[in-house]
Amino acid sequence: PCPPHPGARYHAMEERANLMNMMKLSIKTLIQSALSLGRTLDSDFPPLQQFFVVLEHCLKHGLKVKKTFIGQNKSFFGPLELVEKLCPEASDIATSVKNLPELKTAVGRGRAWLYLALMQKKLADYLKVLLDHKHLLSEFYEPDALMMEEEGAVIVGLLVGLNVIDANLCLKGEDLDSQVGVIDFSLYLKETQDSDGKQDGGITAVLDQKHYVEELNRHLSCTVADLQNKIDCLEKTNSKLQEEVCVCEYGCKRVRHLLGRMKGTKGEVSKLDTYKQSRQGLDEMYSDVWKQLKEEKKIRLELEKELELQIGMKTEMEIAMKLLEKDTHEKQDTLVALRQQLEEVKAINLQMFHKSQNAECSLQQKTEAISSFEGKTNEMMSSMKQMEE
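Residues numbered from 1 in each chain as written. Predicted model: local features only at pLDDT ≥ 70, side-chain atom pairs only at ≥ 80, totals over all residues. Heavy atoms only, no water.

Draft legend 1. Representation of the overall build of the chain in the model. Per the secondary structure count, the chain includes 12 helices and two strands. Helices and strands in the chain line up, N terminus first, as α-α-β-β-α-α-α-α-α-α-α-α-α-α. Across the 389 residues that make up the chain, the buried fraction comes to 38%. With the model as given, the accessible surface of the chain reaches about 22600 Å², and the carbon-plus-sulfur share is 54%. (Helix = DSSP H or I, 4+ residues; strand = E, 2+ residues; numbered from the N terminus. Buried < 20%, exposed > 50% of the residue type's maximum accessible area, 1.4 Å probe, protein only. Areas by Shrake-Rupley, 256 points an atom, 1.4 Å probe, with all protein chains shown as cover.)

See below:
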């Protein structure tokens, strides 16, 4: 294989550095807030939620894409499953994750695995076992991925500090499959309020956050492109299924025509038997095509929802990146500018909420159209039965 382009190698190095800096900020904020709180943490604790979001991005960096019959898939649960084979102590976590019926996707199972490992205070140990067997990780990660480079070992060393906190995370009732991992930068930017004499460190943190927003924006752009390709494929499949439905309807018309002719010739019993056989075959083919059409429509609606969500996330990330670029040139007015950004993000969330309501209305209209089409089909079948009688 050809060696990677120097520009791509430098870009991957920059991504790893941004993710490592975000993980440093996340762990530092989590430990400080947990020690000041002085009690066991639960799943609703914002710094803990943001820590899992950043850790998930680190584990996803450089994942190889696996192609399935639905499309492309990238999941960080595959490497985590290796821990059970390499470390028998992790078998309890794997068993607990498999016994959770509400988890339907690999992403949800991976998040549950991380929750349980943190509660056992073994998260750093399990990830270190993975890093010690990089020949196995190469099956899941690209050579320039974070878990395959030195930054992975640095992050595992940082995770050891989390053993000083206690967490009690309830997995039942948590919707881990559909949670969206968006980083809340306000938790980390609040640190700049504590001291005026450490402005250089604050500016460095803002720059790190800006670089990470750029990396996340690139990741979201790739995700949006993949979803658009999936929608195009589903539209082609939908058009083919509609053509097959038209063919079936034409076959039904021919069957009805044959039925009229056979009523005029009552003595031709053999023709009637042939008609019954052909009608039964057409009914079976029509039912199979109809089931396939409904499944494809359902998949298409789910992908459209996911695409809208990714586009909204990309828009929010672009706005956050522009605001952070302005903040690097305004050292003294950083606090005021950040508060304005939070208000703008709230307004954007409200707009996204209205857009989601409009999308639900359009989905309801499509569902009504499908139900009306099913009603027409049932009427057609009933008319055929009447004509047969």
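Draft legend 2. Spatial organisation of the pattern of salt bridges. Using the criterion set out here, one finds 10 salt bridges in the structure. Asp166 is the salt-bridge partner of Lys121, the closest N and O atoms lying 2.7 Å from each other. Taken as a pair, Lys121 in the loop between α5 (106-119) and α6 (123-131) and Asp166 in the loop between α8 (150-159) and α9 (186-189) lie far apart in primary sequence, 45 residues in all. With relative accessibility at 31%, the residue Lys121 sits in the partly exposed group. Judged by relative accessible area, which is 41%, Asp166 ranks as partly exposed. Salt bridges linked by common partners bring Glu235, Arg300, Glu304 and Lys366 together as one network. (Salt bridge = Lys/Arg side-chain N within 4 Å of Asp/Glu carboxyl O.)

Draft legend 3. Structural context of the nonpolar core. By size, the foremost hydrophobic cluster in this structure holds 60 residues, and its most contacted members are Phe51, Trp113 and Leu123. Listed by contribution, the elements that provide at least two residues to this core are α1 (6-37), α2 (46-60), α3 (77-86), α4 (91-98), α5, α6 and α8. The dominant element in this core, judged by the number of residues it contributes, is α1, at nine residues. (Core = buried A, V, L, I, M, F, W, Y, C linked by side-chain atoms within 4.5 Å.)

Draft legend 4. Summary view of α3. Of all the residues in α3, the buried ones are Phe77, Gly78, Pro79, Leu80, Leu82 and Val83. Against the buried residues of α3 lie α4, α5, α6 and α7 (134-137). (Contact = heavy atoms within 4.5 Å.)

Draft legend 5. Focus on the UniProt feature "coiled-coil region" (unreviewed entry) in the chain. Under the UniProt annotation, the feature "coiled-coil region" (unreviewed entry) is placed at residues 217-244. Across residues 217-244, helical content stands at 100% and strand content at 0%; the span's end C-alpha atoms are separated by 41 Å. (UniProt positions renumbered as here; feature names shortened; annotations may be inferred.)

Draft legend 6. Local environment of α5. Here α5 contains 14 residues, and its C-alpha end-to-end distance of 20 Å stays within 8% of the 20 Å for a straight helix at 1.5 Å per residue. Among the 14 residues in α5, 11 count as buried, and that is most of the element. When α5 is considered as a whole, its buried residues turn out to be Val107, Gly108, Gly110, Arg111, Ala112, Trp113, Leu114, Tyr115, Leu116, Ala117 and Leu118. Contacts from the buried residues of α5 go to α2, α3, α4 and α6. Once α5 ends, the next one or two residues include Lys121, with phi positive near 60°. (Expected span 1.5 Å × (residues − 1).)

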